[in-house]
Amino acid sequence: MRVIQVKDYEEMSEAAATLLFSRVKEASSLSLGLATGGTPEETYTRLAEKANKSNQSFSHVNTYNLDEYVGLAPEHPNSYRYYMDQHLFTKIDIPKEQTHLPNGTAVELRNECNRYERLIKRDGGIDVQLLGIGANGHIGFNEPGTPFNTGTHLVELTDETREANARYFSAKANVPTKAITMGIASIMEAKEIVLLVSGQSKAHAFAQLMDGEITEEFPASILNNHDNVTIIADEAAISLHASKHVL
Ligand code: PGA
């Protein structure tokens, strides 16, 4: 794994947006895996700014988000579809039908998981997957203990994750209890992975990712087995690891 060390959230966002923008620019067709959460917000803002500044089209890009809450309609302000529309899709010229998320309101949720997994494979797999990391090492909504061989599946969110995401809802009780997420195997099939890590709250997770063993108890640890991972991490995130190593 290649680590790009940056000063802070702003620099991380700029570096990530620059990397993604160059992939969009260079490719004649691109499948982009996307993440939600606080970490990539500024990356999307800057990516859209770069596209608009240089008239870069996204008409050759298909996007596939990692996950979606179960029970939230696309127009619900806390759905990940809504997040993506707000932060990126409405700011660039990507056709809506080329932006894909699991459907959290599907009647048959397991069929929806299979459909989503098949869709990604049918379209040739993900070229570049953007990822965040949970303080507990989750990637997507793959919580500790998720088998490494899973495809897209239905998950029960842990209390810790619902707590962490409660800041976006009026009350923790309103955070959905289930989600659909790409699995660890789905994520590992991406040709390139870009992991963003920012802030003191992620310092333990970063140190464990770099120094810990590869275990299903810490889902992100599997990334050590992928041959094309770039981590963009800021000083606060790196602090615990850096205190033990000279980077
Ligand atoms: P965050 O979430 O970006 O809101 O910290 C990351 C994650 O849980 O994967």
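Every residue gets a number counted from 1 within its own chain, in the order that chain's sequence is written. In view of the model being predicted, local features appear only for residues whose pLDDT reaches at least 70, and side-chain atom pairs are presented and counted only at 80 or more, with totals across whole chains, interfaces and linings using the full set of residues. Side-chain numbers come from the whole structure's heavy atoms, not from hydrogens or water.

## Here we look at the site of the ligand
Thinking step 1. The nearness test applies per residue and asks whether one of its heavy atoms lies within 4 Å of the molecule or strand. If you check the shell around the ligand, you find Gly37, Gly38, Thr39, Gly132, Ile133, Gly134, His138, Arg167 and Lys202 and nothing else.
Thinking step 2. Polar contact is defined as a pair of N or O atoms within 3.5 Å, subject to the rule that within protein one atom must be able to donate a hydrogen and the other to accept it, and that residues adjacent in sequence are counted only when both atoms are side-chain atoms. Here an oxygen atom of the ligand and a backbone polar atom of Gly38 are 2.9 Å apart.
Thinking step 3. Within the side chain of Arg167, one N or O atom sits 3.0 Å away from an oxygen atom of the ligand.
Thinking step 4. Areas reported as accessible are Shrake-Rupley estimates using a 1.4 Å probe. Residue values count occlusion only from the protein chains shown. Contact with the protein chains removes 81% of the 280 Å² of surface that the ligand exposes when unbound.

## Focus: the pairing of strand 7 (residues 153-156)
Thinking step 1. By the alternation rule, side chains of strand 7 split into His153 and Val155, which are all buried, and Leu154 and Glu156, of which none is buried.
Thinking step 2. Here strand 7 pairs with strand 8 (residues 178-181) via four bridges, running antiparallel. The partner of His153 across the bridge, within strand 8, is Thr181. Each residue gets one of three labels from its accessible area relative to the maximum for its type: buried under 20%, exposed over 50%, partly exposed in between, using a 1.4 Å probe on protein chains only. Going along the chain from the N terminus, every DSSP run of H or I of four or more residues is numbered as a helix, and every run of E of two or more is numbered as a strand. Should DSSP find at least two bridges between two strands, the strands are taken to pair.

## Notes on the packing of aromatic side chains
Two aromatic rings are characterised by how far apart their centres lie and by the angle between their planes.
Thinking step 1. Each Phe, Tyr or Trp ring, with Trp reduced to its six-membered ring, pairs with another whose centre is within 6.5 Å; inter-plane angles below 30 degrees give stacked pairs, above 60 give edge-to-face pairs, and intermediate values give tilted ones. Inspection of every chain in the model, using the stated rule, returns five aromatic pairs.
Thinking step 2. Centroid distance Tyr44 to Tyr83: 6.4 Å. Interplanar angle 80°. Geometry classified as edge-to-face. Of the two residues, Tyr44 sits in helix 2 (residues 41-53) while Tyr83 sits in helix 3 (residues 80-87), which places them 39 residues apart along the sequence.
Thinking step 3. Ring centres 5.7 Å apart and planes at 45° place the aromatic pair Tyr69 and Phe141 in the tilted group. Placement of the pair is Tyr69 in strand 4 (residues 67-69) and Phe141 in the loop between strand 6 (128-131) and strand 7, with a sequence separation of 72 residues. An identical accessibility class is assigned to Tyr69 and Phe141; each is buried.
Thinking step 4. Grouping aromatic residues by their ring pairs yields a cluster made of Tyr69, Tyr80, Phe141 and Phe169.

## Examining the pattern of salt bridges
Thinking step 1. Each salt bridge in this description consists of a side-chain nitrogen of Lys or Arg and a carboxyl oxygen of Asp or Glu lying within 4 Å of one another. What the rule picks out here adds up to 16 salt bridges.
Thinking step 2. The closest approach of N and O atoms between Glu14 and Lys50, which form a salt bridge, is 2.5 Å. Of this pair, Glu14 sits in helix 1 (residues 9-26) while Lys50 is found in helix 2, placing the two residues 36 residues apart along the sequence.
Thinking step 3. On the accessibility criterion, Glu14 (28% relative accessible area) is partly exposed.
Thinking step 4. Across the pair Asp123 and Arg122 runs a salt bridge whose closest N-O atoms are separated by 2.9 Å.
Thinking step 5. Among the residues examined, Asp123 registers a relative accessible area of 26% and is labelled partly exposed.
Thinking step 6. One salt-bridge network, in which partners are shared between bridges, spans Glu10, Glu14, Glu42, Arg46 and Lys50.

These figures capture arrangement, not role.
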